[in-house]
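Structural characterization, general
So you can see what is in the structure, the chains are spelled out below.
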Amino acid sequence: MPKLPDEFAEEMKQLLAKDYPIYEQLTSQEAFRGISLNRLKADNVNILPFETEKCPFYKDGYYISCDEKGIGNTPLHHAGAFYVQEPSAMSAVTLLDVRKGDKILDLCAAPGGKSAQIASCLANTGLLWSNEVVKNRSQILLSNFERMGISKAVVSSCHPDILCKKLQGYFDRVLVDAPCSGEGMFRKNPDAIREWSREHVLSCAERQLSILNSAAHAVKNGGTLVYSTCTFSYEENEGVIKRFLSQNPDFEMCGISEHFGRKTELPCAVRITPVENGEGHFAARLRKKGESPSETFRKTIKNDIPKELEDIFYEIPEGNYTVINDKLYIMPEDIPDLKGLGVIRAGIFAGEFIKNRFEPSHALFMSAKPEHIRRVLALDDDKIKEFLHGMETDSDCSNGYTAVTYKGIITGFGKTSNGRLKNKYPKGLRSK
Ligand code: SAM
């Protein structure tokens, strides 16, 4: 690792006091790595093909060894059973305190680690709206959503101010995981050290305050706003929160009782450094004052349902079925007007009408549970690897669209025809 900038080292000495020598010593060691379990697809960490150790920052968060290689190419990663995520980064969603049925906005969401946690906690209830202002990063977000089988969600690429003003008071909880100077990434990404400067820290703080001010609009009365960064600096963390509260008297600090990280001067915030066994994160929880208005529910609209879905599912998935340009989407119920919000996907892309037939999508199967599907083909260790390479395989299912499972988790699909499964695993996702 390159030498720490002197000015940064001075600030860390002030922040960590007697713990600074421990931090300094840790800078020459390897970074912490972790995974979060995706409960939409898996409910037991013991099925994973590597050692895990529980981490304190999130109920379904685990450390994994630095030596573990090729995790992103394991069948259970393709299946969406877990997300590779730095352990301390999981703390922000713990502070968000997700409850089933909540409407949640993840405003700076790509590549999607925290959104994956939120979706796992929501367990197919409520709504997750994940936004990423940088267009090409929002595509990575979408592809992670499909892998993780997240269906009750909207993915957008919109400027935070436009999005949050249009969705005024709509969300129970809003997460702002802001772009930052990345001081907590120094071990993982030495470029962050070279790019560090005092001016960069201060300009990040201005941008963070502006994003947080936008986010404030989208929180409903009585709702929660969580702010997080992967940096240590006072200006980007406590400084931003204090300035935000002075500009937004309708928000207040929300005390935290979570038992991890180091205390900060704010009762609503926690900081995790390598001394506390995470790479580096800061998270603060705020509350918008007032009472939340009572809920209004809209009815499910079920039109445009192709008959082919009845051949795939015992019971077809819930949602609003909508056809746009011959493509079928199953949208979450009760979503606001999407116009002008840069929406890339609402719900799941279920498939396409081609001439007179309906071709289901990979995302449709990835978001389903095996017990809801009529034809399921379970593959072993060798056969799943062949499947992920795009090869055909034997199938003992009847003719028709068939879910492929590995260790009980849907990993893709194919079409059975006379004892053979034609592979439908998307070409762009296949193992090399
Ligand atoms: N929450 C993500 C996760 O868990 O995978 C990581 C988010 S990352 C720390 C911050 C994100 O904010 C980046 O994807 C970046 O493109 C985005 N961003 C950059 N400038 C922004 C701005 N002005 N407003 C909102 N988001 C911005």
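Read on for an overview of the structure. (Residues numbered from 1 in each chain as written. Predicted model: local features only at pLDDT ≥ 70, side-chain atom pairs only at ≥ 80, totals over all residues. Heavy atoms only, no water.)

Thoughts on the nonpolar core
Heads up, the condition is: To define a nonpolar core, start from buried Ala, Val, Leu, Ile, Met, Phe, Trp, Tyr and Cys residues and group those joined through side-chain atoms within 4.5 Å. Throughout this description, buried means an accessible area under 20% of the type-specific maximum (1.4 Å probe, protein chains only), exposed means over 50%, and partly exposed covers the range between. Helix and strand labels come from DSSP, where a helix needs a run of H or I of at least four residues and a strand needs a run of E of at least two; each type is numbered from the N terminus. In what follows, a contact means two residues having at least one pair of non-hydrogen atoms within 4.5 Å.
Core analysis: the biggest nonpolar cluster contains 42 residues, and L105, L107, V174, V176, L225, I241 and F244 have the highest contact counts within it. Residue assignment for this core shows that the elements contributing at least two residues are β6 (127-131), α7 (160-166), β8 (171-177), α9 (198-218), β9 (219-229), α10 (235-247), β13 (281-288) and β15 (327-331). A total of 7 residues in this core trace back to one element, the largest contributor, which is α9. With sequence-adjacent residues up to four places away left out, V176 is seen in contact with L107, C108, I211, L212, A215, L225, V226, Y227 and S228.

Some remarks on the sheet that holds strand β23 (residues 420-423)
The following threshold applies: Here, any two strands with at least 2 DSSP bridges between them count as paired. Where helices are involved, their axes are fitted lines through C-alpha atoms of the stretch in contact, as for all axes, and angles between N-to-C directions lie from 0 to 180°.
Strand order across the open sheet formed by 5 strands is β19-β21-β22-β23-β20, with mixed pairing between neighbours. Two strands lie at the open edges of the sheet, namely β19 (376-378) and β20 (393-394), each paired on one side alone. Helix-sheet contacts for helix α13 (residues 381-388) involve β20, β21 (400-406), β22 (409-417) and β23, and the interaxial angle to β22 is about 75°.

A word on the site of the ligand
This is how it is decided: Note on terminology: near, applied to a residue and a molecule or strand, indicates that one of the residue's heavy atoms is within 4 Å of it. Here a polar contact is recorded for every N or O atom pair within 3.5 Å, except that within protein the pair must consist of a potential hydrogen donor and a potential acceptor, and residues adjacent in sequence are included only if both atoms are side-chain atoms. Each accessible area value is a Shrake-Rupley result obtained with a 1.4 Å probe; residue values ignore everything except the protein chains displayed when judging cover.
Of all residues adjacent to the ligand, which total 17 residues, the nearest are G112, G113, E132, R137 and D177. The contact in question runs from an oxygen atom of the ligand to an N or O atom on the backbone of P111, over 3.4 Å. Note that an oxygen atom of the ligand is positioned 3.0 Å from one of the backbone N or O atoms of G112. When isolated, the ligand has an accessible area of 590 Å², and the protein chains bury 82% of it. Going through the elements one at a time, α5 (113-122) and α9 are the ones with two or more residues in the shell around the ligand.

A short note on the pattern of salt bridges
Test applied: Whenever Lys or Arg places a side-chain nitrogen within 4 Å of a carboxyl oxygen from Asp or Glu, that contact is recorded as a salt bridge.
As enumerated under the stated definition, the model contains 33 salt bridges in all. Note that E235 is salt-bridged to R198, the shortest N-O span being 2.4 Å. Placement of E235 in helix α10 and of R198 in helix α9 is noted, with a sequence separation of 37 residues between them. Accessibility expressed as a relative area gives 25% for E235, which makes it partly exposed. Accessibility expressed as a relative area gives 16% for R198, which makes it buried. Taken together, the shared-partner salt bridges in this structure form one network comprising E7, E11, R198 and E235.

Some points on the packing of α9 against α10
For the record, the criterion: Here roughly perpendicular refers to angles of 65 to 115 degrees, roughly parallel to angles under 35, roughly antiparallel to angles over 145, and oblique to all remaining angles. Left-handed describes a crossing whose near helix is turned anticlockwise from the far helix by less than a right angle; the clockwise case is right-handed. Residues are grouped as follows: Ala, Val, Leu, Ile, Met, Phe, Trp, Tyr, Cys and Pro are nonpolar; Asp, Glu, Lys and Arg are charged; every other residue, Gly included, is polar.
The geometry of α9 relative to α10 is characterised by a closest axis approach of 9 Å and an angle of 40° between their N-to-C directions. Looking at the two axes, α9 sits oblique to α10. Considering only the axes of α9 and α10, their crossing is right-handed. Touching R198, V201, L202, C204, A205, E206, Q208, L209, L212, N213 and A216 of α9 are E235, E236, V240, I241, R243, F244 and Q247, all from α10. Tallied by class, residues from the contact of α9 with α10 come to 10 nonpolar, 3 polar and 5 charged.

With respect to the packing of aromatic side chains
Our working rule: Working definition: a ring pair exists when centres of Phe, Tyr or Trp rings (six-membered ring for Trp) sit within 6.5 Å. Plane angles under 30 degrees give stacked, over 60 give edge-to-face, the rest tilted. Charge-over-ring placement is defined geometrically: NZ (Lys) or CZ (Arg) within 6 Å of the ring centre, and within 35 degrees of the ring normal.
Applying the stated criterion to the full structure yields 15 aromatic pairs. Ring plane angle 85° and centroid distance 5.6 Å describe the contact between F57 and F260, whose orientation is recorded as edge-to-face. Of this pair, F57 sits in the loop between β2 (53-54) and β3 (61-64) while F260 is found in the loop between β10 (251-253) and β11 (262-263), placing the two residues 203 residues apart along the sequence. Of the two residues, F57 and F260, both sit in the buried class. In this structure an aromatic cluster arises from ring pairing among F8, F186 and W196. Lying across the ring of Y62, K54 places its NZ or CZ 5.4 Å from the centre. Taking the ring centre of Y170 as reference, the NZ or CZ of K103 above it sits at 5.1 Å.

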